[in-house]
Amino acid sequence: MEPWKDLFLALPLPEIWLRILLFVTFGLHLLFVLLMLGTAMLGFVFFLRDCCAADRTDMGWNQRMVKSHLGLKSLAVVLGVGPLLIIQVIYSLGFFTATGLYAFTWLAVIPLLILAFLAIELFEHKMLSRPWLPFLSGAIGLGALLTVPAIFTGALSLMERPGEWTAFAAKALSPTSVYLPHWILRYLHVLGAAVVFGAAFHLFFTAGQAPDKRARLHAWLFGGILFQVAVGAPLLFTVADVFNWPVLTSVTLGTIAAMAMAWTLRPATAQTPAPARTGRALLVLLPLVFVSMLAARQSLQDATLMTLHKEARAELTRESADLDRFRESALKTFRLKLATVYDNGTTIYEKSCQPCHGVGGLGDGPAAKRLLIRPEDLAAVRADRDYVRSMILTGVPGSGMPYFTVFDKDKIDSLLDRMDKSFSLFGPTTVPRREVGEPARDIWKNTCATCHGLTGRPSEFGLTLQPAPPDLGRFSLEPERSLQIITDGYPGTVMQPYRALPESVRLDLVSIAANLRR
């Protein structure tokens, strides 16, 4: 197998560039996914809190906060196309295997997202009305929205564990597998990150300087960081088998940044928040945590999936080398079968020519009666092989003769051989033995040459006709057929009947036409 024929293993860019592109595009997508999830989760929780406390004074702020979900989800969806396409290319084997194994839920992503987006829109619009409608729509929307990352993390977790594919295909989710706890912890880690980034986003953009709102978001941000650290520790144990130094470095750096952020947001400072100092700390530490964790995630993926990709390419090369020794004999056998069953001249004539030209080539096939211009009587044609080949390839514009560029050279040669054998198509022209009189020469010069040219090659005017007259220097007809056309014309074309001419003159014209073939 040649590499360019294997779409799943061909890389359009050097591997390092694809990995950089994946890191950047996935980072942007993940950022807006976390902001979208965090906004929906916090918005619903704050809604419940205000409803339970029967204090709806902050419901307007809560509605503004959820309203930002519209822009965030649009960016999350659009930015998700890039990494999804790159993952399909760079991790093709793992991606398509995992999504195939996850097909029963993978196909549910689109309807779940539609349901989630519509329900959360309704939740936001009706938040200030009676509580039951926003509660119902918010619960449905948030439930559908949180199901989507569960599917994605499940598929990605499975993609990164080739050793689990067979067992998953046999038993689906198994409590004894390492995969299941890894998936659950990874999913919780994503939800924790969504709370952290959602709270930080609204701390900057919607809370303003209101102390109660800032305190509420501080608390969720602080709790989210501690939750991340608590979930992250056992999550590391589930990937211990592919742990490496890049992963260890990234995780250590991210953990230190997360702990520094937690120290900055500790409850003692939240009671007396210093917005400027807290904001600067978040602007430095939050991106550091995000990039570190993203780098650790991609290092883990590369450690497994790039190795898998290289092994697949090596296996492909080995298999190709093993199969090369059978290539020629297999192709020879295959071509022989094709030539026997499909690609021989007899079959091609029966399927492509016979419907119009008929079994005997007389132009009386079953489709001929539906044509305005009768197909030529092949049994009466004597022509050059290359001329007939060109008519087969280009057709005869203005007539019912189509072009057959679908056939390659070997097939057309086979067809020409068959027609020559059946109709003597390329035989010599039969030239009547008679002295041509002067009247016939004058008629040819003054009438026939207008279209056919003096030498039989179509004149400039003749080439404008549809269909154009044949090149009589390379194409001739048996005398009987030629006399018939001169006498009765060729219905459907501009060839008029000349039956008013004396028979001797018409026979002389037949002789002139026959002598033109070079």
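Right above here is the structure, for reference.
A.B. asks: It is not clear to me how the packing of aromatic side chains should be interpreted in this structure. Could you clarify?
C.D. replies: One pair of aromatic rings is described through two measures. These are the centre distance and the angle between the planes. Tallied over the full model, the rule gives 16 aromatic pairs. A centroid spacing of 6.1 Å and a plane angle of 80° characterise the contact between Phe95 and Trp106, whose relative ring orientation is edge-to-face. On the criterion of sequence distance, the pair formed by Phe95 in helix α5 (residues 92-101) and Trp106 in helix α6 (residues 103-106) is long-range, its members being 11 residues apart. Note on Trp106: relative accessible area 21%, which makes it partly exposed. A ring pair is formed by Trp106 and Phe152, whose centres lie 5.2 Å apart and whose planes are at 65°; its orientation type is edge-to-face. You can see Trp106 sitting in helix α6 and its partner Phe152 sitting in helix α8 (residues 132-159), a full 46 residues away along the chain. Aromatic rings pair up to connect Phe44, Phe47, Phe123 and Phe135 into one cluster. Lying across the ring of Tyr349, Arg418 places its NZ or CZ 4.3 Å from the centre.

A.B. asks: So what exactly am I meant to see when it comes to the environment of Asp417 here?
C.D. replies: By secondary structure assignment, the location of Asp417 is in helix α17 (residues 409-423). The exposure class assigned to Asp417 is partly exposed, which follows from its relative accessible area of 43%. At a separation of 2.8 Å, a polar atom in the side chain of Asp417 contacts the side chain of Arg385.

A.B. asks: Help me understand the side chain of Asp50 in this model?
C.D. replies: With respect to the helices, strands and loops of the structure, Asp50 is situated in helix α1 (residues 15-52). In terms of polar contacts, Asp50 uses its side chain to reach the side chain of Arg49, at 3.3 Å. Residues within four places of Asp50 in sequence aside, it is in contact with Asp55, Asp58, Met59 and Arg216.

A.B. asks: Just checking my understanding: could you explain the pattern of salt bridges for this structure?
C.D. replies: A side chain of one charge can pair with a side chain of the opposite charge if their charged atoms are brought near each other. Within the structure shown, the criterion is met by 22 salt bridges. Among the ionic pairs, Asp50 bridges to Arg49, the shortest N-O distance being 3.3 Å. A relative accessible area of 45% places Arg49 in the partly exposed class. We note a salt bridge from Asp413 to Arg389, for which the minimum N-O separation is 2.4 Å. Taken as a pair, Asp413 in helix α17 and Arg389 in helix α16 (residues 385-394) lie far apart in primary sequence, 24 residues in all. Judged by its relative accessible area of 15%, Asp413 is buried.

So, how was this worked out
Residues numbered from 1 in each chain as written. Predicted model: local features only at pLDDT ≥ 70, side-chain atom pairs only at ≥ 80, totals over all residues. Heavy atoms only, no water. Phe/Tyr/Trp six-rings, centres within 6.5 Å; stacked < 30°, edge-to-face > 60°. Helix = DSSP H or I, 4+ residues; strand = E, 2+ residues; numbered from the N terminus. Buried < 20%, exposed > 50% of the residue type's maximum accessible area, 1.4 Å probe, protein only. Lys NZ or Arg CZ within 6 Å of the ring centre and 35° of its normal. Polar contact = N/O pair within 3.5 Å; in protein donor to acceptor, adjacent residues only side chain to side chain. Contact = heavy atoms within 4.5 Å. Salt bridge = Lys/Arg side-chain N within 4 Å of Asp/Glu carboxyl O.

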